[in-house]
Protein chains: 2
Amino acid sequence: MNKSDVTGIAQKAKYAGLKLGAAGTAKKDAALEYMAEGLLQNSALIREANDIDVGAAKKQGLQSAFIDRLTITEKTLKSMIDSIREVKALKDPVGEITKAWTRPNGLLVGRMRIPLGVILMIYEARPNVTADASALCIKSGNAVILKGGSEAINSNRAIAVVLSDALKKADLPSEAIQFIDTTDKDVLYEFLKQDELIDLVIPRGGESLIRAVAEHSRIPVLKHYKGICHVFVDADADKDMAKAVCFNAKVQRPGVCNAMETMLVHKDIAGQFLPEMITLYKKAGVEIRGCERTRGIVHDIKPATEQDWFTEYLDLILSVKVVDSLDQAIGHINHYGSHHTDSIVTSNVGHSMRFFREVDSSTVLVNASTRFSDGFQLGLGAEIGISTSKLHAFGPMGLEELTAQKFVIMGSGQVRE
Amino acid sequence: MNKSDVTGIAQKAKYAGLKLGAAGTAKKDAALEYMAEGLLQNSALIREANDIDVGAAKKQGLQSAFIDRLTITEKTLKSMIDSIREVKALKDPVGEITKAWTRPNGLLVGRMRIPLGVILMIYEARPNVTADASALCIKSGNAVILKGGSEAINSNRAIAVVLSDALKKADLPSEAIQFIDTTDKDVLYEFLKQDELIDLVIPRGGESLIRAVAEHSRIPVLKHYKGICHVFVDADADKDMAKAVCFNAKVQRPGVCNAMETMLVHKDIAGQFLPEMITLYKKAGVEIRGCERTRGIVHDIKPATEQDWFTEYLDLILSVKVVDSLDQAIGHINHYGSHHTDSIVTSNVGHSMRFFREVDSSTVLVNASTRFSDGFQLGLGAEIGISTSKLHAFGPMGLEELTAQKFVIMGSGQVRE
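Residues numbered from 1 in each chain as written. Chains lettered and ligands numbered in written order. Predicted model: local features only at pLDDT ≥ 70, side-chain atom pairs only at ≥ 80, totals over all residues.

1. Considerations on the packing of helix α6 (residues 127-139) of chain B against helix α7 (residues 153-169) of chain B
Residue and element names in this part refer to chain B.
Part 1 of the argument: For the pair α6 and α7, interaxial distance at closest approach is 8 Å and the crossing angle is 25 degrees. In terms of their interaxial angle, α6 and α7 are classed as roughly parallel. The chirality of how α6 crosses α7 is right-handed. Of α7, the residues touching α6 (which contributes Pro127, Thr130, Ala131 and Ser134) are Ser155, Asn156, Ile159, Ala160 and Leu163.
Part 2 of the argument: For the contact of α6 with α7, the class distribution of residues is 5 nonpolar, 4 polar and no charged. (Axes fitted to C-alpha atoms, helices over the stretch in contact; angles between N-to-C directions. Helix = DSSP H or I, 4+ residues; strand = E, 2+ residues; numbered from the N terminus. Parallel < 35°, antiparallel > 145°, perpendicular 65-115°, else oblique. Left-handed = near helix turned anticlockwise from the far one by under 90°. Contact = placed C-beta atoms within 7 Å. Nonpolar A, V, L, I, M, F, W, Y, C, P; charged D, E, K, R; others polar.)

What follows is the structure, encoded as structure tokens:
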């Protein structure tokens, strides 16, 4: 594949997307079942292809965590198959009339969900994303073009061929799932120029990948760079609840984007709360970096620098700041945060309402852990990514976020005066 | 104003937007009332400033239609004031919980409408847009940066000063309405790079303006380039209804984007329908350009070229094509159209449902004129623009399209397992 093939592939995707958008749920569900069965039947071939990738990665001396994510075991293959069937079981968003009203002249005006069209998924060396993203796109009637990490190219090719064949078996256009079979970056950049044919780009991976995509793309990109998530422990927080929430938000899985990175504590509760909380953290191996006031309450803590408030550690490190008021907490979050996920622990109803309204983040919680900011946890049934910019989608994105809404209008001969 | 001022202005807008987003409806409505009153009280000043612009435009020998749009009369000023009060009377979208559900663990998950943040409006020499767009942005809690056509710079400055002062009177930040007081294009292009501070660009005007904005912008742009709208007269259409709809769609106001440019007629009805319809058109001064089959039925018609099917005439010109089937009509619309507005006249329920689902346009009508594709006509209460791309908004955009939705989650101490 080279640059001159790009427009042709995008055009085929566009055409396939139109066909898929008009297809009913039964046909799309049949395709998803063929996709699941295909992965099972071709598991030997897929794992052989994966062996090539894993062998090359080991030869290159890549990190073991990287190789773990790259490796397709019997268990990961089963989980891919299960995921496809879970997506199949979700409600088809396409065709839903989300609202409708009648105009004085009798026109019935409705808004109908439709697919976006063509989605370009860009991701790192996690072959499961090839199956997961394809399933979500097909269920929502979108054609997808897949660009996975180059270290997984053999695995992704093998999976994509199976998925694409499954579409054919269901009498749907196989070009609704296409795979960019090259490691040449220029080809990817050429795809990112096809704003007449591709409707949306979703990059998933590290910040540098996402920034490179956003910089080169003429197509809208839904993305989040990072998650600098906060928990604010308010003056009248239930202390036990605050401890449970703050512990969970930091420790339960520190390496993910919805883990807490900075804890803000109201000055009126800091004296009682911080010593107990920090003891808990230290037992769990969390390194604390505190503001001056924090260090006045609990000694033996590293100082937090200005840079710390901007940092996503993705690790067992936490910055801690004592604040004077709800206003200061909200100001800190809106200044240093990343518009991802922030939580308040409070018993004050007025404060919880102000926190909801004034914190400029995609997910805002009262009395719950930041770790719930996730499509599955929130009940979307799936997650294709998280957006921290406000256009189109804000927060975890499920099937509905892969749709647009058109106006459908039923008349009886109305004309405009 | 020069390039070095741009970031400062955008930062002020961002900060003002946060304040405005947290303000209640009563305060925003008070500001809108001060805006309306301010325009009335300062009408002499505004019209003096407008005289300067109109004088310069006349000196330059600009077209009379252009000068008409530029001129602020007592009547146009009154209509600006009325528009602001109409926007004030609309329902505030901010804070609305559009849906909410409970998770098995007791978390109450809701989606709350919030402002987008900062909107950059770019438009031509129509000073009324300065007032209309400001009112819509303030009502929806967004800060706005205004860049009007350079020929209207004195008028726009005078209006913007009044509007910005009105915010102060309502104890809201005056920087929520800012005006780019220069005709230097490089300053505008610098604004279009501020993707960290500005959330959305809405260009309104001719296709060349919009293309220039889209090409230079790193910020998402909501736009439509043109409206190549179709009416398809199906085989079993009610002939009188088809005549009324097709006549209205072409003739009622030919110079606007939702006027019909191409009429498609099913071959089974063409023989009866076309002679009568074309006679009506000819009486109204409409020039017809027909396909070969159209010209076989009605003689003395110019031939339509391939280019005609792609053309937005914005004039009393219509291209006409006879088609074999609903499939061919939908295929033609999706290939040659502009995803704006298309209508079918039919008595066939199955065909109307297929037309709704398969026509890839933002507004799809059955048995009604394309001219209804308009925020006011559809009952949105307002219109800030029309989008023909699917991300975020598709079709006419009202107040709701100036909002995003965040996740708000109420817990009672839930943590993730």
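2. Looking at the sheet that holds strand β16 (residues 403-414) of chain A
Part 1 of the argument: Strand order in the open sheet formed by 10 strands is β1(A)-β2(A)-β16(A)-β13(B)-β12(B)-β7(B)-β8(B)-β11(B)-β9(B)-β10(B), and the pairing between neighbours is mixed. Whereas interior strands pair on both sides, the edge strands pair on one side only; in this sheet they are β1 (97-102) of chain A together with β10 (302-303) of chain B.
Part 2 of the argument: Inspection of the sheet shows strand β12 (residues 341-345) of chain B paired to strand β13 (residues 363-368) of chain B by 4 bridges, in the parallel sense. By the bridge assignment, Ser343(B) is partnered in β13(B) with Leu365(B).
Part 3 of the argument: Sitting on the sheet, helix α11 (residues 267-283) of chain B touches β7 (229-233), β8 (260-266), β9 (287-290) and β11 (317-323) of chain B, and the angle it makes with β8(B) is about 145 degrees. (Pairing = 2+ DSSP bridges.)

3. Some thoughts on the pairing of β11(B)
Residues and elements named next belong to chain B.
Part 1 of the argument: Within β11, 6 of the 7 residues are buried, leaving the element largely enclosed by the surrounding structure.
Part 2 of the argument: Strand direction decides the pairing type here: β8 and β11, joined by 5 bridges, are parallel. Bridge pairing links methionine 263 to valine 320 in β11.
Part 3 of the argument: Pairing geometry for β9 and β11, over 4 bridges, is parallel. Each bridged residue has a counterpart across the sheet, and for glutamate 287 the counterpart in β11 is isoleucine 317. (Buried ≥ 20, exposed ≤ 12 C-beta atoms within 10 Å, placed from the backbone.)

4. Structural notes on unusual backbone geometry
Residue and element names in this part refer to chain A.
Part 1 of the argument: For histidine 339, which is not a glycine, the phi torsion comes out positive at approximately 60 degrees.
Part 2 of the argument: Relative to the elements of secondary structure, histidine 339 occurs in the loop between α14 (326-336) and β12 (341-345).
Part 3 of the argument: Its identity is not glycine, yet histidine 392 carries a phi of approximately 75 degrees, on the positive side.
Part 4 of the argument: Relative to the helices and strands, histidine 392 is located in the loop between β14 (385-387) and β15 (395-397).

5. Regarding the domain arrangement of chain A
Part 1 of the argument: When the domains of chain A are assigned, the result is domain 1 (3-223 + 396-409) and domain 2 (229-377).
Part 2 of the argument: Computed from C-alpha coordinates alone, the two centres of domain 1 of chain A and domain 2 of chain A are separated by 36 Å. (Domains from an automatic or database assignment.)

6. Remarks on the interface of chain A and chain B
Part 1 of the argument: At the interface, 55 residues of chain A touch 55 residues of chain B.
Part 2 of the argument: Secondary-structure elements contributing two or more residues to the side of chain A that touches chain B are α1 (6-22), β2 (108-115), α10 (239-251), α15 (349-358), β13 (363-368) and β16 of chain A.
Part 3 of the argument: If one sorts the elements of the side of chain A that touches chain B by residue count, β16(A) sits on top with 11 residues.
Part 4 of the argument: Here the residues of the side of chain A that touches chain B sort into 27 nonpolar, 19 polar and 9 charged.
Part 5 of the argument: Examined bridge by bridge, β16(A) and β13(B) share 5 bridges and lie parallel to one another. From the neighbouring strand, Met410(A) faces β13(B), where its bridge partner is Val366(B).

7. Some details on the sheet that holds strand β11 (residues 317-323) of chain A
Part 1 of the argument: Taken in spatial order, the 10 strands of this open sheet run β10(A)-β9(A)-β11(A)-β8(A)-β7(A)-β12(A)-β13(A)-β16(B)-β2(B)-β1(B), and their pairing is mixed. Strands at the two margins of the open sheet, each flanked by one partner only, are β10 (302-303) of chain A together with β1 (97-102) of chain B.

8. Side note on the relation of the copies chain A and chain B
Part 1 of the argument: If you rotate chain A by 180 degrees and push it 0.0 Å along the axis, it lands on chain B with an RMSD of 0.0 Å. Interpreted geometrically, this transformation is the action of a two-fold axis. Closest approach to the rotation axis within chain A is made by the C-alpha atom of His392(A), at a distance of 1.8 Å.
Part 2 of the argument: Of the interface residues in chain A, 100% have counterparts in chain B that sit at the interface too, so the contact is made through matching surfaces. (Least-squares fit on C-alpha atoms with pLDDT ≥ 70 in both.)

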